[in-house]
Amino acid sequence: MYMVEQQERLAASAAKPISWGRHGYCEVEKDAPIRLRSTAKGISQKLGGVNASVGEGSGKESTGSSTFLPTISPSLNLSIRSLFMMLGAPTLTTLFVYSCDKYQCALTPGIRDLLASTGGIHNVYDLLLWSLSPLRWFTWKALVIYMVWYTVQAIMYAVVPSKIGYGQKTLAGRQLPYKLNGLTCYIITHIVFLSAVYLDVIPVSIIAQNWLGLFVAANSMGYFLTVFAYVKAHLFPCHPDDRKFSGSLWYDMFMGVEFNPRLGELWDFKLFHNGRPGIIAWTLIDISFCFSTSDGSYTKPSIPALLVLLLHSIYVIDFFWHEDWYLRTIDIAHDHFGFYLAWGDSVWLPFMYTAQAQYLHHNQNNLGSEQIWMSFAVLVLGLGGYVVFRGSNNQKDYMRRIFSPSTDPTSAIAASTSALSTASNVSPATSVNSITTAEDIQKNVRIWGKKPTYILAPYQTADGEWHTSLLLTSGYWGLARHMNYFGDICMATAMGLSTMAVSGGPGLVGWWYTLYLITLLVHRTRRCDLRCSAKYGEKWVEYRKVVRWRILPGVY
């Protein structure tokens, strides 16, 4: 959910087969690692004439009409977009962090101050100098804190016992193992931190008081990982045949070349950097800001701050509780490791997703006892959103366990699906008929107390094999095609509403995560429709007629 996810992903977005996923059906198909011909063609035409093979370095253009920058070569187009994101995201983050630390999260004086520090921005050189201005926030203390934090998390990831999960098959046919000890590491980390605070070993404000210095340290790590990953991908990759070259230096730096960079067999760069220094830090940062004042002393947190901390904690614990699910999401199953994940996990996630806690830390709470009802309403909205978010994802996972051959190889439906996935040149009609012969199994399957309804959507991969996806039209998935998005947005809205009871009212920083998430998810629904339409054809049209709404039934 980073800002850079709004990047269209261009050719890379077309290079993956898509089906079940957290945010709807159009994500990564578990048993079909070959890219789709029709999907690649359809998406390349929609994305401005850049052929899907550009992501693999062919440099060819499609015959589709271009909708943006039609006269620029695909390689240059990719470079421009990548540079824009690599400059824009750090610039916005710097503005937010500095404005919160110096001006109670008021952005306008923060912009004026930062511009004055460099004498204004008149050209690219001035912009570069401005982007380097945060270096003056560097402190050795913050660097030591960050490196101890990073090192401890890296060691814990390696040595804490865990079960092993397996990701999707890569394009080269590998199915890699992953250590799933995130929840254990999360619990250990928070117990140690809170114990150290209670015993006065460290102050609870240790993060808040060193915020700018930690920002510099995290940026240094993010840029180092970006360069390291790029060099490693060229000189000593773990799996050379899973690399992706676009023909653009900056795009390769931005989105990454190597798919699964690792140290040894199990220390995975992508899973570690998103789950450990990123998400584990999320609630630690909240605690530091919520329980301390601007001068670093301890304080009882306000009700809005506790609401933000509670909702963030629910979200984070849910992530680690379902860490195995994360292996099937876009970050692990599709994205390569470059600036997008290296810097995004190191800086964007911990410094931008905690904006509400920062905002409440720097602004006075005006919530009186007569307004407790508002806090209760916010809590109900947030918990209700979580119920929808988790319930919809559970329904999808439930159907996956019932119908997926990889998780239930003894079921008749699973056996039919397995046979289809290994058979070549099977027609769509045969694909559907073979699976429907096992429909008697459905009598034991219930969603909301009723037999589930669904649409079987066959599709053909580039190797000529036919596969079938199940498009659920029952439960939450019968109300909207992305009801889990609706739950996600309700939670984010509750987080934003928690910042309303402060002096001066809510500000952009307090509502940033909410506005960002809404923009991101609405954009994703459109990308999903594009991909699924190209993949399933008439079956997707049929599905859209049954499930009309994208996120909110009756509205959108």
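Residues numbered from 1 in each chain as written. Predicted model: local features only at pLDDT ≥ 70, side-chain atom pairs only at ≥ 80, totals over all residues. Heavy atoms only, no water.

1. A word on the overall build of the protein
Item 1. For the protein, the helix and strand inventory stands at 22 helices and six strands.
Item 2. Nonlocal contacts in the protein, meaning residues at least 24 apart in sequence, comprise 73% of its contacts between residues at least 6 apart.
Item 3. Carbon and sulfur atoms form 63% of the exposed surface of the protein, whose accessible area is close to 22,300 Å². (Helix = DSSP H or I, 4+ residues; strand = E, 2+ residues; numbered from the N terminus. Contact = heavy atoms within 4.5 Å. Areas by Shrake-Rupley, 256 points an atom, 1.4 Å probe, with all protein chains shown as cover.)

2. Section: the side chain of S79
Item 1. Here S79 shows up in helix α3 (residues 74-103).
Item 2. Polar contacts involving the side chain of S79 include one to the side chain of S248, which spans 2.6 Å. (Polar contact = N/O pair within 3.5 Å; in protein donor to acceptor, adjacent residues only side chain to side chain.)

3. Comments concerning a nonpolar patch on the surface
Item 1. Judged by side-chain polarity, V227, V231, L235 and F236 come together as a nonpolar surface patch covering roughly 370 Å² of accessible area.
Item 2. Inspection of the secondary structure assignment puts V227 in helix α8 (residues 211-235).
Item 3. Accessibility expressed as a relative area gives 44% for V227, which makes it partly exposed. (Patch = residues over 30% accessible without salt bridge, like charges linked within 9 Å, V, L, I, M, F, W, Y side chains within 5 Å. Salt bridge = Lys/Arg side-chain N within 4 Å of Asp/Glu carboxyl O. Buried < 20%, exposed > 50% of the residue type's maximum accessible area, 1.4 Å probe, protein only.)

4. Digging into helix α14 (residues 339-352)
Item 1. An ideal rise of 1.5 Å per residue puts 20 Å on 14 residues; α14 reaches only 16 Å between its terminal C-alpha atoms.
Item 2. Of all bends in α14, the biggest is about 50 degrees, found at D345.
Item 3. For α14, the tally of buried residues reaches 14 of 14 residues, placing the bulk of the element in the interior. (Expected span 1.5 Å × (residues − 1). Bend = angle between axes of the 7 residues up to and from the residue.)

5. Examining the nonpolar core
Nonpolar side chains tend to gather and get buried jointly when the protein is soluble and globular.
Item 1. Formed by 102 residues in total, the largest nonpolar core has its most connected members in Y146, L271, W348, F351, Y353, V509 and Y513.
Item 2. Among the elements that make up this core, the one with the highest residue count is helix α10 (residues 269-290) (twelve residues).
Item 3. Within the second largest apolar cluster, 14 residues are counted, among which are M399, V445, L470 and M483. (Core = buried A, V, L, I, M, F, W, Y, C linked by side-chain atoms within 4.5 Å.)

6. Thoughts on the packing of aromatic side chains
Item 1. Enumeration according to the criterion identifies 41 aromatic pairs in this entry.
Item 2. Between W137 and F215 the ring centres are 6.1 Å apart and the planes differ by 50 degrees, which places this aromatic pair in the tilted class. One end of the pair, W137, is in the loop between α5 (124-132) and α6 (140-159); the other, F215, is in helix α8, with 78 residues separating them in the sequence. One exposure class covers both W137 and F215, and it is buried.
Item 3. In this structure an aromatic cluster arises from ring pairing among Y146, Y150, Y157, F224, F228, F236, W267, F269, F272 and F337.
Item 4. The aromatic ring of Y178 is capped on one face by R262, whose charged end is 4.5 Å from the ring centroid.
Item 5. Positioned above the aromatic ring of Y459 is the side chain of K535, whose terminal nitrogen or guanidinium carbon lies 4.0 Å from the ring centre. (Phe/Tyr/Trp six-rings, centres within 6.5 Å; stacked < 30°, edge-to-face > 60°. Lys NZ or Arg CZ within 6 Å of the ring centre and 35° of its normal.)

7. As for the pattern of salt bridges
Item 1. Within this structure, the stated rule accounts for ten salt bridges.
Item 2. With a closest N to O distance of 3.0 Å, K232 and E258 form a salt bridge. Of this pair, K232 sits in helix α8 while E258 sits in the loop between α9 (249-255) and β3 (262-263); the two residues are 26 residues apart in sequence, bridging distant segments of the chain. This pair shows no difference in class: K232 is buried, exactly as E258 is.
Item 3. Residues D268 and R262 are paired through a salt bridge, measuring 3.0 Å at the closest nitrogen-oxygen approach.
Item 4. With relative accessibility at 0%, the residue D268 sits in the buried group.
Item 5. We classify R262 as buried; its relative accessible area is 5%.

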